[in-house]
Amino acid sequence: MSVEQAPSSQDDVEPYRLGEARRRLLTLAVLDPWNPQFFMRLGRALFAAPARYRNAAVVLDLGPVAGRTPLNLAEFCRRLRQYQLVPVAVVNAGEAWAQMAANAGLAVFEDAGEAAPRAAAAPPDSRRTRVVEEPVRSGQQVYAPGGDLVVLSTVHPGAEVLADGHIHVYGALRGRALAGIRGDAGARVFCRRLEAELVSVAGVYAVSEALETERHPGAVQIRLDGETLVVEPLS
């Protein structure tokens, strides 16, 4: 993993860039998941470029199967994780598929364009803030549409917090946090303790291995600098 070396003194703490955090969300078209050959074919495709797709954050495009009865997306996502993919959202989902996606802890984008960054971002003074006082537990998903999300407690492993704006976690961030999911490159993730499984800002993401969370015992912020995620300590 290519990251800059940690400074030798706490007084000289500098942000570091995540060398492999320049990837954006990978959109996977769900063509025929009922076909018993589906995962075999997926495995072959991933085998051709394992380094490129390992731990890739995935958006499932449900357009090709929108008219069919929804399958169990929680089980489908479990199978995807066995292939070292990280499903985070769906696009082009009808009402029934959207409900199944929510039950599986996936975000629901209105269209495929939302999976990629867009320039239009709400000004800070027009944002709405959603405040969550309880811990966000494994399997839960909390979303703040059109604004910022403030979690006053811990985000547990297996939980997911999403916001169109910033995300503030006043406890430990141990699950997944996706800020600026509609393309706001100025969005940031703030947390008291970074132990995240995945962090994303405007579609650029890093998983736990790249975050090297043990390097950050205190409060940090994660922001975008160009196409790279940067982790900075908060004094």
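Residues numbered from 1 in each chain as written. Predicted model: local features only at pLDDT ≥ 70, side-chain atom pairs only at ≥ 80, totals over all residues. Heavy atoms only, no water.

**Q** Can you tell me about the sheet that holds strand β14 (residues 204–207), naming the residues and giving the values?
**A** On the basis of which strands lie adjacent, the open sheet formed by five strands has the order β7-β9-β11-β13-β14 and mixed pairing. The open sheet terminates on both sides in strands that have one partner only, identified here as β7 (141–144) and β14. Ignoring which end each strand starts from, the neighbouring axes of this sheet average 5 degrees apart. Alignment of strand β9 (residues 160–163) against strand β11 (residues 176–179), held across three bridges, turns out to be parallel. Paired with Glu160 across the strands is Arg176, a residue of β11. (Pairing = 2+ DSSP bridges. Helix = DSSP H or I, 4+ residues; strand = E, 2+ residues; numbered from the N terminus. Axes fitted to C-alpha atoms, helices over the stretch in contact; angles between N-to-C directions.)

**Q** Tell me about the pattern of salt bridges, residues and numbers included.
**A** One pass over the structure, following the stated rule, counts five salt bridges. Linking Arg176 and Glu160 is a salt bridge whose minimum nitrogen-to-oxygen distance equals 3.4 Å. Of the two residues, Arg176 is situated in strand β11 and Glu160 in strand β9; the sequence distance between them amounts to 16 residues. Glu160 matches Arg176 in its accessibility class, with the two residues each being buried. Residues joined in a network through salt bridges with shared partners are Arg174, Arg193 and Glu195. (Salt bridge = Lys/Arg side-chain N within 4 Å of Asp/Glu carboxyl O. Buried < 20%, exposed > 50% of the residue type's maximum accessible area, 1.4 Å probe, protein only.)

**Q** Describe the packing of aromatic side chains, listing the residues and the values that go with them.
**A** Using the criterion set out here, one finds two aromatic pairs in the structure. Taking 5.4 Å as the distance between ring centres and 55 degrees as the angle between the ring planes, the aromatic pair formed by Phe39 and Phe76 counts as tilted. Of the two residues, Phe39 is situated in helix α1 (residues 38–48) and Phe76 in helix α3 (residues 73–82); the sequence distance between them amounts to 37 residues. Both residues of the pair, Phe39 and Phe76, belong to the buried class. On the basis of relative accessibility, which here comes to 9%, the residue Phe39 falls in the buried class. In textbook terms, an aromatic cluster arises when at least three aromatic residues are bridged by ring pairs, as seen for Phe39, Phe76 and Tyr83. For Arg79, the ring lying beneath its charged end belongs to Phe39, and the centroid distance is 4.1 Å. (Phe/Tyr/Trp six-rings, centres within 6.5 Å; stacked < 30°, edge-to-face > 60°. Lys NZ or Arg CZ within 6 Å of the ring centre and 35° of its normal.)

**Q** I'd like to hear about the environment of Arg188, residue by residue, with values.
**A** You can see Arg188 is positioned in the loop between β11 and β12 (189–194). Considered as a pair, Arg188 and Leu178 are 10 residues apart in the sequence and their alpha carbons are 9.2 Å apart. If we skip the residues at most four places from it in the chain, Arg188 touches His166, Ile167, Ala179, Gln221, Ile222 and Arg223. (Contact = heavy atoms within 4.5 Å.)

**Q** I'd love a proper account of the side chain of Thr154, names of residues and values included.
**A** As for its position among the elements, Thr154 is in the loop between β8 (147–151) and β9. Sequence-distant contacts of Thr154, defined by excluding residues within four places in its chain, comprise Pro135, Val136, Gly171, Ala172 and Arg174.

**Q** If you had to explain the nonpolar core to someone new, which residues and values would you point to?
**A** Judged by nonpolar contacts, the single largest core of 35 residues is most densely connected at Leu60, Leu73, Phe76, Leu85 and Leu106. Put simply, the parts of the chain that give this core at least two residues each are α1, β3 (56–61), α3, β4 (85–91), α4 (95–103) and β14. Considering each element in turn, this core owes the most residues, six residues, to β4. With 32 residues, the next largest nonpolar core counts Val136, Leu149, Leu173 and Ala196 among its residues. (Core = buried A, V, L, I, M, F, W, Y, C linked by side-chain atoms within 4.5 Å.)

**Q** Account for the layout of surface pockets, with residues named and values stated.
**A** Of the voids in this model, the second largest pocket is the one considered here, and its volume is about 250 Å³. Arg81, Val86, Gly158, Arg176 and Glu197 are the residues nearest the centre of the second largest pocket, which is lined by 16 residues in total. Of all the secondary-structure elements, those providing two or more residues to the lining of the second largest pocket are α3 and β4. Here the element with the most residues in the lining of the second largest pocket is α3; it accounts for three residues. (1 Å grid on protein atoms, 1.4 Å probe; cavity = no way out; pocket = protein on both sides within 12 Å on 5 of 7 lines; lining within 4 Å. Points joined across faces, edges and corners; volume = space filled by probe spheres on them.)

**Q** How would you sum up the pairing of β8? Please name residues and give values.
**A** Of all five residues making up β8, five are buried, and the element is well covered by its neighbours. Note that strand β6 (residues 128–132) and β8 share five bridges and pair parallel. From the neighbouring strand, Arg130 faces β8, where its bridge partner is Leu149. In terms of strand pairing, β8 meets strand β10 (residues 167–173) through three bridges, oriented parallel. Bridging across to β10, Val151 finds its partner in Val169.

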